[in-house]
Amino acid sequence: MAELSLEAISVKAGRTALVKEATTRLKTGELVALIGPNGAGKTSLLRGALGLSPLAKGTVTLDGKNIHGLSANARARRIAYLPQARPLAWPSRVRDVVALGRFAYGGQLSALSPEDAQYVDAALNACDISALADRKASTLSGGESARMHCARAFAANTPLLIADEPVAALDPRQQLQVLALFRRYVDEGGGALIVLHDIELAARFATRLIWMKGGEIAADGPPSETLSKDRMADIFGVEADVSGQSVTLVAPL
Amino acid sequence: MKPSALTVALSLSCLAALIAACFLGPTAMEPGRVFKALFGLGGGADTTIIWAIRLPRALAALVVGMALGISGGALQGLLRNPLAEPGVLGVSASASLCATVAIYYGFAALSPWAMPVAAIGGALLATAIIAFAALRTQSIVTLILIGVGLSSFAGAAMSLLMNLAPNPFSLADLINWMLGSVANRSFVDIGFAAPFLAVGFAIVISTRRGLSALTLGEEAAQGLGLDLKRQRLAVVLGAGLLSGAAVSIAGAIGFVGIIAPHVVRPWVGYDPARTLLPAGLLAGLLLVMADIAVRLAPTTNELKLGVVAALIGAPAFVWIAAARRSQGAADG
């Protein structure tokens, strides 16, 4: 059991408020989708929640302890973080990239402990990339690369996971595959907060939706309660037909 | 770290190159005399030639190469770019400038530590400028241009200061500092740089796991549990100490810090951590061999070691840069 709790946090860049008094939480057993238009402050919220950005106001607690008081290592053993995908600096081997997930446990890529190696193998397996383990990461397709990054997050064996647009730029089949990985992680006892742009996918996979607009959390609740025609108009400025979990975009308002 | 086969092979090659370097010099000595002198069994003159002239010179080349190779590997890991290196980034030139100031304005006469400390101060200042600039820009082109600026400024300031210097100086000294050489270096010169080399080495090695983590980018590395500020500070400090100490021995020698890590990387799975030690050994080996080449070259005035390093290194630099472009590198 783990819980990340955001109490009225504000994040600023200079004098611009990126996040304004946001309150929410993430618990194990939840798959929470963070949705909102570009520039709504989603990434800033994640960085604030992880303690990577200083807070202008509010507090973030991880299992009751202020996250800014935790060492980077202690935090990383509780929450794995997948930022928006960036190209790797070097053409590293897939297994080495996944093994970096064990960083907080002191493992070295050249000499992984048996325990570290076990988690790395399990994560490679879970993400169905064992066969690619000795390939260079730079030779992977977009979907394979996304699964490699998931594997590196899973290898950390943390109770919580935060991912920023993990399915961006993937084809529909790869999106479903990657989201299925997150769902399984949650079914096995984890708690995940992921930024998604596809509302329909978010409504299908997530147990809760956090709607953000202009740095504020506008709504926070299960898809059945928060997804509506009016909400789509309010948050995204689009006319959409909403019935159950299905969303059909009609036109910009 | 358990030594890899690569590290062992490179270490043995370095040893062989050091011994080979002891055979060279105006006094011809057959192998038996050289080995006797090496183990202190030869005549007084032979022992002096080997232990006071040839071995210190070769060892200086080895140590300088190692320092430059390791600091190059560390800077490349930190900046996530294979073109970063003390020479290219203007670190060596800045160290050279501060060392000459210390010599020609009399500080070096006050204490034998003044010169290495000045060189290291210059190196740290330049490394800090580069690291600070790296925070503001993701573009390696900008960083290299800043390095070019630092190098040019240091070169100009050096000429100016030497014109104004109260102490007499020779053009040969200026050239030694700007081009780099290990001729006539003694164990004493190496000894004064040694503590700084040791501390710099220890600091850089302590950052190696963080360098691996930075493969994923700074944001993700922080997510993995890396203390980014401390990592940056440690690499700047370690690389600055190493390159400053190298300059205090041999002046500004460029490009070895680029070539050695570049050659080593494919052998160690492109892991910046595993690159460091073999890159240092290879760079040391390259400089010892380059210095042997300098002494064998049939020129009337002995070529400068730094000139040979640049003759080989600069084309390699261009080649690496061009190859990166064609791969469509992300943050060029």
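Residues numbered from 1 in each chain as written. Chains lettered and ligands numbered in written order. Predicted model: local features only at pLDDT ≥ 70, side-chain atom pairs only at ≥ 80, totals over all residues.

1. Things to note about unusual backbone geometry
All names here are of chain A. Non-glycine residue Asp63 carries a positive phi angle of around 50°. Not every positive phi belongs to a glycine, and Asp128 is a case in point at roughly 60°. Mapped onto the elements of the fold, Asp128 is located in the loop between α4 (114-126) and α5 (142-155). Take Asp128: there are 13 C-beta atoms within 10 Å of it, and that puts it in the partly exposed class. (Helix = DSSP H or I, 4+ residues; strand = E, 2+ residues; numbered from the N terminus. Buried ≥ 20, exposed ≤ 12 C-beta atoms within 10 Å, placed from the backbone.)

2. Quick look at the sheet that holds strand β9 (residues 208-213) of chain A
Residues and elements named next belong to chain A. Taken in spatial order, the 6 strands of this open sheet run β6-β7-β8-β3-β9-β10, and their pairing is mixed. For this open sheet the edge positions go to β6 (79-82) and β10 (216-221), each flanked by a neighbour on one side alone. Mean inter-strand twist for the sheet, computed between neighbouring axes without regard to direction, equals 15°. Where strand β7 (residues 160-163) and strand β8 (residues 191-195) come together, 4 bridges link them in parallel fashion. Directly across from Leu161, in β8, lies its bridge partner Ala192. Packing against the sheet, helix α6 (residues 172-187) makes contact with β3 (31-35), β7 and β8, and its axis sits at approximately 155° to β8. (Pairing = 2+ DSSP bridges. Axes fitted to C-alpha atoms, helices over the stretch in contact; angles between N-to-C directions. Contact = placed C-beta atoms within 7 Å.)

3. Structural notes on the nonpolar core
All names here are of chain B. Ranked by internal contacts, the top residues of the largest apolar core, which has 199 residues, are Val64 and Leu287. In terms of residues, this core owes the most to one element, helix α3 (residues 44-79), which gives 16 residues. Every residue in contact with Leu287, bar those within four places of it in the chain, is listed here: Ala61, Leu62, Val64, Gly65, Val256, Leu305 and Ala309. (Core = buried A, V, L, I, M, F, W, Y, C linked by C-beta atoms within 7 Å.)

4. Quick look at the pairing of strand β2 (residues 16-27) of chain A
All names here are of chain A. Relative to β2, strand β1 (residues 3-13) runs antiparallel, the two being bridged by 8 bridges. Bridging from a neighbouring strand, Val11 pairs with Val19 of β2. What sits between the antiparallel neighbours β1 and β2 is a turn of 2 residues, in which Gly14 has the positive phi angle 65°.

5. Observations concerning the packing of helix α13 (residues 256-264) of chain B against helix α14 (residues 272-296) of chain B
Residue and element names in this part refer to chain B. Running from amino to carboxyl end, α13 crosses α14 at an angle of 125°, the nearest separation of the two axes being 8 Å. Of the possible angle classes, the one that applies to α13 and α14 is oblique. Between α13 and α14 lies a crossing whose hand is right-handed. Here Val256, Gly257, Ile259, Ala260, Pro261, Val263 and Val264 of α13 come into contact with α14, specifically with Thr275, Pro278, Ala279, Leu282, Ala283, Leu286 and Leu287. (Parallel < 35°, antiparallel > 145°, perpendicular 65-115°, else oblique. Left-handed = near helix turned anticlockwise from the far one by under 90°.)

6. Notes on the interface of chain B and chain A
Reports of interface size often rely on the accessible area that becomes lost once the parts have come together. Between chain B and chain A, the residue contacts involve 23 residues of the former and 24 residues of the latter. Counting residues per element, the ones that place at least two in the side of chain B that touches chain A are α10 (208-213), α11 (218-224) and α14 of chain B. A per-class count over the side of chain B that touches chain A returns 9 nonpolar, 7 polar and 7 charged. (Nonpolar A, V, L, I, M, F, W, Y, C, P; charged D, E, K, R; others polar.)

7. Concerning the environment of Gly65 of chain B
Residues and elements named next belong to chain B. Mapped onto the elements of the fold, Gly65 is located in helix α3. For Gly65, a count of 33 C-beta atoms within 10 Å puts it in the buried group. The residues contacting Gly65, other than those within four sequence positions of it, are Val256, Ala283, Gly284, Leu286, Leu287 and Val288.

8. Let's talk about the confidence of the model for chain B
All names here are of chain B. Within chain B, residue pLDDT values average 87, and 94% of them lie at 70 or more. Least confident of the elements in chain B is helix α8 (residues 171-179), whose mean pLDDT is 74; most confident is α10, at 96. Predicted confidence is poor over residues 328-332, with pLDDT under 50, and the contacts of this stretch with residues over four places away or in other chains come to 9 contacts. The complex prediction reports pTM at 0.90, with the ipTM value standing at 0.92. (pLDDT = per-residue confidence, 0-100.)

9. Topic: the sheet that holds β1 of chain A
All names here are of chain A. Ordered by their spatial adjacency, 4 strands build an open sheet running β2-β1-β4-β5, and the pairing between neighbours is antiparallel. Single-partner strands in this sheet number two, and they are β2 and β5 (65-66). As defined by bridge partners, strand β4 (residues 57-62) adjoins β5 across 2 bridges and the pair is classed as antiparallel. Bridged to Leu62 within β5 is Lys65.

10. Some details on the packing of helix α9 (residues 187-206) of chain B against helix α12 (residues 228-250) of chain B
Residue and element names in this part refer to chain B. Running from N to C, α9 and α12 cross one another at 160°; their axes reach a closest spacing of 8 Å. Taken together, the axes of α9 and α12 lie roughly antiparallel to each other. For the crossing formed where α9 meets α12, the hand is left-handed. Residues Asp189, Ile190, Ala193, Phe196, Leu197, Val199, Gly200, Phe201, Ile203, Val204 and Ser206 of α9 form the contact with α12, whose own contacting residues are Ala234, Val235, Leu237, Gly238, Ala239, Leu241, Leu242, Gly244, Ala245, Ser248 and Ile249. Here the residues of the contact of α9 with α12 are counted per class, giving 16 nonpolar, 5 polar and 1 charged.

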